[in-house]
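Residues per chain, in single letters:
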Amino acid sequence: FIMKAQYAISKNDIQKAHENIIKAQNIVLEFMSTLDRKYEISESLMLLYDYINRRLIEANLHKDTDILSEVLGLSKQLRDTWEQAMKIAKNPHKSQVAAG
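Residues numbered from 1 in each chain as written. Predicted model: local features only at pLDDT ≥ 70, side-chain atom pairs only at ≥ 80, totals over all residues. Heavy atoms only, no water.

### Description of the overall build of the protein
Okay, step 1: For the protein, the count of helices and strands is 5 helices and 0 strands.
Okay, step 2: Secondary structure elements in the protein, listed N-terminal to C-terminal, are α-α-α-α-α.
Okay, step 3: The globule rule puts the C-alpha radius of gyration for 100 residues at 13 Å, and the 16 Å found for the protein is more than 25% above it.
Okay, step 4: Counting only C-alpha atoms, the protein reaches 55 × 25 × 15 Å along its principal axes.
Okay, step 5: Evaluated residue by residue, the protein yields a buried proportion of 28% over its 100 residues.
Okay, step 6: Sequence-distant contacts, at least 24 apart, represent 52% of the contacts inside the protein between residues at least 6 apart.
Okay, step 7: A total accessible area of about 7,100 Å² is found for the protein, and carbon and sulfur atoms account for 57% of it.
Okay, step 8: Charged side chains in the protein number 14 positive and 13 negative. The centres of these two groups are separated by 7 Å. (Helix = DSSP H or I, 4+ residues; strand = E, 2+ residues; numbered from the N terminus. Rg over C-alpha atoms; globule rule 2.2 N^0.38 Å. Buried < 20%, exposed > 50% of the residue type's maximum accessible area, 1.4 Å probe, protein only. Contact = heavy atoms within 4.5 Å. Areas by Shrake-Rupley, 256 points an atom, 1.4 Å probe, with all protein chains shown as cover. Lys, Arg positive; Asp, Glu negative; His and termini not counted. Charge placed at Lys NZ, Arg CZ, Asp CG, Glu CD.)

Written out as structure tokens, the structure is:
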């Protein structure tokens, strides 16, 4: 949705940009509302999600593709981290052998 918003801004389609940024915000808000706060990392994730959400709001207000690029980069890093965590979770013995 972030990339779609960037494209819409480049085509001066303000409504489509707005719609896609809102969709991205809704995903972030869902992450925030479903975050299990009993884990140590939860507070850091909440701060990151909050930052991303605030930047999306700012990007929407100004139709700013630079802010969207920043958020896209953060989102990709977060996605890659979760992907790696899922691999480790599926095969914890293999990750211990590699680390040890």
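Following the structure, the description resumes.
### Focus on the packing of aromatic side chains
Okay, step 1: One pass over the full model with this rule turns up 1 aromatic pair.
Okay, step 2: The interplanar angle of 35° and the centroid separation of 5.5 Å between the aromatic rings of Phe31 and Tyr49 together place this pair among those described as tilted. In this pair, Phe31 is assigned in helix H2 (residues 14-34) and Tyr49 in helix H3 (residues 42-62), connecting sequence segments 18 residues apart.
Okay, step 3: Of the residues examined, Phe31 reaches a relative accessible area of 40% and is grouped as partly exposed. (Phe/Tyr/Trp six-rings, centres within 6.5 Å; stacked < 30°, edge-to-face > 60°.)

### Thoughts on the packing of H3 against helix H4 (residues 65-90)
Okay, step 1: One can describe the packing of H3 onto H4 by two numbers: an axis separation of 9 Å at closest approach and a directional angle of 150°. Looking at the two axes, H3 sits roughly antiparallel to H4. Our pair here, H3 against H4, has a crossing hand that is left-handed. Contact residues: Leu45, Leu48, Tyr49, Tyr51, Ile52, Arg55, Leu56, Glu58 and Ala59 in H3; Ile67, Leu68, Glu70, Val71, Leu74, Leu78 and Trp82 in H4. (Axes fitted to C-alpha atoms, helices over the stretch in contact; angles between N-to-C directions. Parallel < 35°, antiparallel > 145°, perpendicular 65-115°, else oblique. Left-handed = near helix turned anticlockwise from the far one by under 90°.)

### Here we look at the confidence of the model for the protein
Okay, step 1: Scored by pLDDT, the protein has a mean of 92; 93% of the residues are at 70 or more.
Okay, step 2: Here helix H5 (residues 92-99) stands out as the least confident element of the protein, with mean pLDDT 58; helix H1 (residues 2-10) is the most confident, with 98. (pLDDT = per-residue confidence, 0-100.)

### Looking at the nonpolar core
Okay, step 1: Counting 21 residues, the largest nonpolar core has Ile2, Val28, Tyr49, Leu56, Leu68 and Val71 as the members making the most contacts within it.
Okay, step 2: Within the residue set of this core, elements represented by two or more residues are H1, H2, H3 and H4.
Okay, step 3: Ranked by the residues each element gives to this core, the list is headed by H3, at 6 residues.
Okay, step 4: When sequence neighbours within four positions are dropped, the list of residues in contact with Val71 reads Ile2, Ile52, Arg55 and Leu56. (Core = buried A, V, L, I, M, F, W, Y, C linked by side-chain atoms within 4.5 Å.)

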